[in-house]
Amino acid sequence: MSTSKTIKSALISVFHKDGLEPIVRKLDELNVTIYSTGGTEKFIKQLGINVVPVEDVTSYPSILGGRVKTLHPKVFGGILNRQDHEGDVAELKEYDIPQIDLVIVDLYPFEKTVASGASEQDIVEKIDIGGISLIRAAAKNFKDTFIVSSMDQYEDFLSILSENNGETSIEQRKKYAAKSFNISSHYDTAIFNYFNNNEEPALKVSETNVQILRYGENPHQKGYFFGDLEEMFDKLHGKELSYNNLLDVDAAVNLMEEFKGEAPTFAILKHNNACGFAQRETISEAYSDALAGDPVSAFGGILIANTQIDAETAEKIHTLFCEVVIAPSYSDEALEILKGKKNRIILIQKEVALPKTTIRTCLNGNLVQDKDNITDKLEDLKYVTNNKPTESELEDLLFASKLCKNTKSNTIILVKNKQLLAGGTGQTSRVDALNQAIEKATSFKFDLNGSVMASDAFFPFPDCVEIANKAGVKSVIQPGGSIKDQLSIDYCNENNLSMVMTGTRHFKH
């Protein structure tokens, strides 16, 4: 039997009617018998096109407030029958079941209803039963039945109808079936995640929005972004974001989330870590002091501000080669200045809730965890030394702690007057991380006297506080928890350092 099929009959039952009219008119032009239900049937009739109500086929009206319309053997028999199977053909004739060659159906907007903050009753009513069943049935029987399961497919499907006079190929039917199973599995995932609310350990992830990237981490790797970047940002200028750009932008957004609503703050990131960071009275001053933290690493970096970027700041930024600039807004003049570089990516960050969990592949599976959503606060601090931090030191300690939390482990962060002096990042030894930070700070002529130090995990020995003290550090913030905490405390007491413990470790691997 030929793998090509001519559409002679169609079942159409959709929630969204946008874009449907041209398809209905083309089907009518091709003399296709159209079956329909409810609002879709009414829509087709208003176009002046003949349509057969499904209840004329099933001998049952729409019941239970519309919950049951198409769930009937005469509907599903017409979709699921195998046209090259003698038994199926005989049963269609015996039970007077019409052949259905095409199904056009979409699903109730469950995710949009949840996102709207609707009541549970309204959300439950948007769980599609008939629609999802029709999609699965038609997709399963792709050898004989064509399934269109989204209004996003209307334009392409209309082309198929028009170019081939209503005839479809097996390749086309199978391709649309695959798309339909993608839609149905995504729908079920959304429903499960709504009901589960993270109570039962389960990994159900589905994202239908995909952006094909130029490549992955390196040019020989394919790369994709699954998600809705337009929900997160307004892209005002520049080339497309790359895989590495996206990782850095993610790190930048999560870091600046810690300083939301605070005084003007500016960060410069490279390879997911802040290489420059400062908080000042103006965003221009914050940028200048962030850049001073490491003007070498800033080249090709990702820049982010927690407040509007003005013309003065934009003029300074414009002299630096940077990949991406992110801010909640820009003055008109600032935007024109920043657009002066053709490929510079300029983003406005929108108010969007960030994910509460993190997922990464591991071995032959995945690791899932709660996001590190604890930010160390003044009330969390335990004062463990005879010396207590001054008010300004406390501000710097909490400032440094936020930076430390968002820097790759093992890490040490050195801060003074709400400016990142240097960080030791991704080291296998905490002593190495500290020495790296000190060496980097001194190479850029920073005076470490009076600075503070943050560590993402406890000190198993007093060596770090000793090295820090000799470099000029006066106060330390760390989680504590080592069986040898007292050794570090004793050293601080003997050398007039202050130390506070938070009780919360902030590893970031």
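As a reminder, the structure under discussion sits directly above these lines.
Residue positions are counted from 1 within each chain, in the order its sequence is given. Reporting in this predicted model follows two pLDDT cut-offs: at least 70 for local features of residues, and 80 or more for side-chain atom pairs to be given and counted; totals over whole chains, interfaces and linings ignore these cut-offs and use all residues. Hydrogens and water molecules were not included; the side-chain quantities draw on all heavy atoms of the structure.

What am I meant to see in the side chain of Glu-323 here?
Secondary structure is summarised from DSSP: a helix means a run of H or I of at least four residues, a strand means a run of E of at least two, and numbering begins at the N terminus for each. When you line up the elements, Glu-323 lands in strand 14 (residues 322-327). Under this definition, polar contacts are N or O atom pairs within 3.5 Å; protein pairs additionally need one hydrogen-donor-capable and one acceptor-capable atom, and for neighbouring residues in sequence, both atoms have to be side-chain atoms. Polar contacts involving the side chain of Glu-323 include one to the side chain of Lys-239, which spans 3.5 Å. Contacts: residue pairs with any heavy atoms within 4.5 Å of one another. In this view, Glu-323 contacts Lys-239, Asn-245, Gly-300, Gly-301, Ile-302, Asn-343, Arg-344 and Ile-345; residues no more than four positions away in its chain are not counted.

Looking at this structure, how should I read empty space enclosed by the protein?
If you roll a probe as big as a water molecule over the atoms, it shows you where there is empty space left. For each structure, a 1 Å grid was placed over the protein atoms alone; sets of points admitting a 1.4 Å probe that cannot get out are labelled cavities, open sets with protein on both sides within 12 Å along at least five of seven lines are labelled pockets, and lining residues have an atom within 4 Å of a point. Grid points are joined across faces, edges and corners, and a volume is the space filled by probe spheres set on the points. Applying the stated criterion across every chain yields a total of two cavities of 30 Å³ or more. Of the volumes computed, that of the largest cavity is approximately 50 Å³. Together, Asp-376, Ser-401, Cys-404, Ala-454, Ser-455, Ile-477, Gln-478, Pro-479, Thr-502, Thr-504 and His-506 line the largest cavity. By volume, the second largest cavity amounts to about 40 Å³. Forming the boundary of the second largest cavity are Leu-11, Tyr-35, Val-54, Val-57, Lys-74, Val-75, Pro-98 and Ile-100.

What exactly am I supposed to notice about the packing of aromatic side chains here?
Aromatic ring pairs: the centre-centre distance and the angle between the two ring planes describe each pair. Note on ring pairs: Phe, Tyr and Trp rings are taken, using the six-membered ring of Trp, and paired if centres are within 6.5 Å. Classes follow the plane angle, with under 30 degrees stacked, over 60 edge-to-face and the rest tilted. Tallied over the full model, the rule gives 12 aromatic pairs. Pairing Phe-266 with Tyr-287 gives two aromatic rings, centres 5.0 Å apart and planes at 75 degrees, and the pair type is edge-to-face. Of this pair, Phe-266 sits in strand 11 (residues 265-270) while Tyr-287 is found in helix 13 (residues 283-293), placing the two residues 21 residues apart along the sequence. Working definition: with a 1.4 Å probe on protein chains only, accessible area under 20% of the residue-type maximum means buried, over 50% means exposed, and in between means partly exposed. Take Phe-266: its relative accessible area is 0%, and that puts it in the buried class.

Sorry, what's going on with the packing of helix 1 (residues 21-29) against helix 9 (residues 154-163) here?
Helix-helix packing is described using two parameters, namely the angle between the two axes and the distance between the axes. Structural elements are reduced to axes, namely lines fitted to C-alpha atoms, with helices fitted over the stretch in contact, and the angle between N-to-C directions of any two is expressed from 0 to 180 degrees. Between helix 1 and helix 9, whose axes approach to 10 Å, the crossing angle comes to 15 degrees. Comparing their axes, helix 9 and helix 1 come out roughly parallel. You can see that helix 1 and helix 9 cross each other, and the crossing is left-handed. Contact residues: helix 1 offers Pro-22, Ile-23, Lys-26 and Leu-27, while helix 9 offers Tyr-154, Phe-157, Leu-158, Leu-161 and Ser-162. Each angle receives one of four descriptions, namely roughly parallel if under 35 degrees, roughly antiparallel if over 145, roughly perpendicular if within 65 to 115, and oblique otherwise. Each crossing gets its hand from how the near helix is turned against the far one by less than a right angle, where anticlockwise is left-handed and clockwise is right-handed.

Would you mind showing me how to read the state of the cysteines here?
Put plainly, a disulfide is one covalent bond tying together the sulfur atoms of two cysteines. Note on terminology: disulfide denotes any pair of cysteine sulfur atoms within 2.5 Å. Counted under the stated rule, the structure contains zero disulfides. Its sulfur unpaired, Cys-464 is 11 Å from the next cysteine sulfur, which belongs to Cys-492. Overall, the relative accessible area of 2% leaves Cys-464 in the buried class.

Quick question: what am I supposed to make of the nonpolar core here?
Ranked by size, the top nonpolar core spans 38 residues in total, and within it Phe-277, Ile-326 and Leu-403 carry the most contacts. The domain boundaries here were taken from an automatic or database domain assignment. Summarising the domain contributions, this core has at least three residues from each of domain 2 (240-349) and domain 3 (378-501). Excluding residues that lie within four positions of it along the chain, Leu-403 makes contacts with Leu-255, Ala-274, Phe-277, Ile-413, Val-415 and Leu-420. Residues grouped as a nonpolar core are buried Ala, Val, Leu, Ile, Met, Phe, Trp, Tyr and Cys residues, joined through side-chain atoms within 4.5 Å.

How do you make sense of a negative patch on the surface when you look at a structure like this?
Taken together, the side chains of Glu-111, Glu-207, Asp-228, Glu-230 and Glu-231 present a region of like negative charge at the surface. With respect to the helices, strands and loops of the structure, Glu-207 is situated in the loop between helix 10 (170-196) and strand 8 (210-212). For Glu-207, a relative accessible area of 31% puts it in the partly exposed group. Excluding any residue in a salt bridge, patches collect residues exceeding 30% relative accessible area, merging like charges within 9 Å and nonpolar Val, Leu, Ile, Met, Phe, Trp and Tyr side chains within 5 Å. Every accessible area reported is derived by Shrake-Rupley at a probe size of 1.4 Å, with residue values counting cover from the shown protein chains alone. Criterion for a salt bridge: a side-chain nitrogen of Lys or Arg within 4 Å of a carboxyl oxygen of Asp or Glu. Under this rule, positive means Lys or Arg and negative means Asp or Glu; His and the chain ends count for nothing. For this purpose, a charge sits on NZ of Lys, CZ of Arg, CG of Asp or CD of Glu.

What exactly am I supposed to notice about the environment of Gly-503 here?
By the secondary structure assignment, Gly-503 is in the segment after strand 23 (498-501). According to the relative accessible area criterion, Gly-503 is exposed, its value standing at 64%. The spacing of Gly-503 and Phe-458 is 45 residues in sequence and 9.4 Å in space, taken between C-alpha atoms.

Is there a simple way to explain the sheet that holds strand 3 (residues 33-36) in this structure?
Pairing between sheet strands relies on hydrogen bonds along the backbone, with the strands arranged either parallel or antiparallel. Pairing between two strands is assigned when DSSP locates at least 2 bridges connecting them. With parallel pairing, five strands are arranged side by side in an open sheet as 4-3-2-5-6. At either margin of the open sheet sits one strand with a lone partner, and together these are strand 4 (52-53) and strand 6 (146-148). Taken together, the three bridges between strand 5 (residues 102-105) and strand 6 define a ladder with parallel strand orientation. Each bridged residue has a counterpart across the sheet, and for Leu-102 the counterpart in strand 6 is Phe-146. The strands touched by helix 8 (residues 130-140) are strand 2 (9-13), strand 5 and strand 6; relative to strand 5, the strand with the most contacts, the crossing angle is about 150 degrees.

Could you clarify how one ought to interpret helix 1 in this entry?
Think of an α-helix as turning once every 3.6 residues; residues three or four places apart then point the same way. Listing the buried residues of helix 1 in full gives Ile-23, Val-24, Lys-26 and Leu-27. Seen end-on, helix 1 carries its buried residues on one side only, within an arc spanning 165 degrees. Buried residues along helix 1 sit in contact with strand 2, strand 3, helix 2 (38-46), strand 5 and helix 9. Note that the arc is computed from the directions linking the helix axis to the C-beta atoms.

How do you make sense of the pairing of strand 12 (residues 273-279) when you look at a structure like this?
Consecutive side chains of a regular strand alternate in pointing toward one face of the sheet and then the other. Most of strand 12 is tucked away, with seven of its seven residues classed as buried. The sheet contact formed by strand 11 and strand 12 spans six bridges and is antiparallel. Paired with Ile-268 across the strands is Gly-276, a residue of strand 12.

I tried to follow unusual backbone geometry on my own but got confused; where do I start?
Negative phi is the rule for most residues except glycine; trans is the rule for most peptide bonds. For the bond running from Ser-409 to Asn-410, omega is -15 degrees, close enough to zero to count as cis. Structurally, the position occupied by Asn-410 is in the loop between helix 16 (391-405) and strand 19 (412-415). The backbone of Leu-363 shows a phi angle near 50 degrees, a positive value even though the residue is not glycine.

Explanation requested: the sheet that holds strand 21 (residues 452-455) in the structure shown.
The strand order across the open sheet built from six strands is 18-23-22-21-19-20, with neighbouring strands paired in mixed fashion. Looking at which strands have only one partner, the edges of the open sheet turn out to be strand 18 (382-383) and strand 20 (420-424). Looking at chain direction, strand 19 and strand 20 are connected through four bridges and run antiparallel. Note on strand 20: the bridge partner recorded for Val-415 is Leu-420. Against the sheet, helix 17 (residues 430-443) contacts strand 19, strand 20 and strand 21, and its axis sits at roughly 145 degrees relative to strand 20.

I would appreciate a short explanation of the pairing of strand 11 in the present structure.
In terms of burial, strand 11 is largely enclosed, as five of its six residues are buried. In textbook terms, the turn of a hairpin is the stretch between consecutive antiparallel strands, and for strand 11 and strand 12 this stretch comprises two residues, one of which, His-271, has a positive phi near 55 degrees. Direction of pairing for strand 11 relative to strand 13 (residues 301-305): antiparallel, over a ladder of four bridges. Note on strand 13: the bridge partner recorded for Ile-268 is Leu-303.

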